[in-house]
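Take a look at the letters that make up each chain.
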Amino acid sequence: VQLVESGGGLVQPGGSLRLSCAASGFTFSSYAMSWYCQAPGKERELVATITSAGGSTNYADSVKGRFTISRDNAKNTVYLQMNSLKPEDTAVYYCGVRFRFRDYWGQGTQVTVSS
């Protein structure tokens, strides 16, 4: 299993970013995918999840209405559209998958929201 995140960066409060995660090593279209974030000194927490076919999504309360998770099964890629970003969204963002009873994450991409 390989997960490679991209799209992070520095953005001003109120701005937007779109994160991407390219997946390989498993049948992508058969598995739910998730995005997590980890801020300095805090534990990794779940941000959003999307089912294998993309028909259902769930979000942490802190990002509802601002973030949108989506996927393109033809490209083996999951996305996280992040709008109305706040300084408290600053964290390393990881995509993840539970494959054969084990959790896998990529290397993460840094998102910094600051003026």
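Criteria and cut-off values
Residues numbered from 1 in each chain as written. Predicted model: local features only at pLDDT ≥ 70, side-chain atom pairs only at ≥ 80, totals over all residues. Heavy atoms only, no water. Helix = DSSP H or I, 4+ residues; strand = E, 2+ residues; numbered from the N terminus. Rg over C-alpha atoms; globule rule 2.2 N^0.38 Å. Contact = heavy atoms within 4.5 Å. Areas by Shrake-Rupley, 256 points an atom, 1.4 Å probe, with all protein chains shown as cover. Lys, Arg positive; Asp, Glu negative; His and termini not counted. Charge placed at Lys NZ, Arg CZ, Asp CG, Glu CD. Buried < 20%, exposed > 50% of the residue type's maximum accessible area, 1.4 Å probe, protein only. Pairing = 2+ DSSP bridges. Disulfide = S-S within 2.5 Å. 1 Å grid on protein atoms, 1.4 Å probe; cavity = no way out; pocket = protein on both sides within 12 Å on 5 of 7 lines; lining within 4 Å. Points joined across faces, edges and corners; volume = space filled by probe spheres on them. Nonpolar A, V, L, I, M, F, W, Y, C, P; charged D, E, K, R; others polar.

> Any chance you could explain the overall build of the protein here in plain terms?
A count of helices and strands for the protein gives 0 helices and 11 strands. Each helix and strand of the protein, ordered N terminal to C terminal, gives the series β-β-β-β-β-β-β-β-β-β-β. Here the C-alpha atoms of the protein give a radius of gyration of 13 Å, agreeing with the 13 Å that 2.2 N^0.38 yields for 115 residues. By its C-alpha atoms, the protein is 40 × 25 × 25 Å across when sized along the principal axes. When contacts within the protein are restricted to residue pairs at least 6 apart in sequence, those whose partners lie at least 24 apart make up 51%. Summed over all atoms, the accessible surface of the protein reaches about 6,200 Å², with 46% contributed by carbon and sulfur. Distance from the positive charge centre (11 side chains) to the negative charge centre (8 side chains) of the protein: 6 Å.

> Explain the pairing of strand β9 (residues 91-99) here, please?
Within β9, 7 of the 9 residues are buried, which leaves it mostly tucked inside the rest of the structure. With 5 bridges joining them, strand β4 (residues 33-38) and β9 adopt antiparallel strand pairing. What sits directly across from cysteine 37, in β9, is tyrosine 93. Pairing analysis gives 4 bridges linking β9 to strand β10 (residues 102-105), with the strands arranged antiparallel. Looking at β10, one finds that glycine 96 is bridged to tryptophan 105. What sits between the antiparallel neighbours β9 and β10 is a turn of 2 residues, in which arginine 100 has the positive phi angle 50 degrees.

> How do you make sense of the state of the cysteines when you look at a structure like this?
Here a disulfide denotes a covalent bond joining the sulfur atom of one cysteine to the sulfur atom of another. With the rule as written, the count across this model stands at 1 disulfide. Covalently, cysteine 21 is tied to cysteine 95 through a disulfide, its sulfur atoms 1.9 Å apart. With the S-S dihedral at roughly 40 degrees, the linkage between cysteine 21 and cysteine 95 falls on the right-handed side. Here cysteine 21, found in strand β3 (residues 17-24), pairs with cysteine 95, found in strand β9; they are 74 residues apart in sequence, far enough to count as distant. Both residues of the pair, cysteine 21 and cysteine 95, belong to the buried class. The closest cysteine sulfur to the non-disulfide-bonded cysteine 37 is located on cysteine 95, 13 Å from its own sulfur.

> Mind showing me how you'd approach the layout of surface pockets here?
By rolling a water-sized probe across the atoms, one finds the places where empty space is left. In this structure, the largest pocket occupies an estimated 260 Å³ of space. What lines the largest pocket is a set of 18 residues, and nearest its centre among them are Cys37, Glu45, Ser62, Glu88 and Asp89. Elements represented by at least two residues in the lining of the largest pocket include exactly β4, β5 (45-50) and β9. Per-element tally for the lining of the largest pocket: the top contributor is β5, with 3 residues. Split into classes, the residues belonging to the lining of the largest pocket amount to 8 nonpolar, 3 polar and 7 charged.

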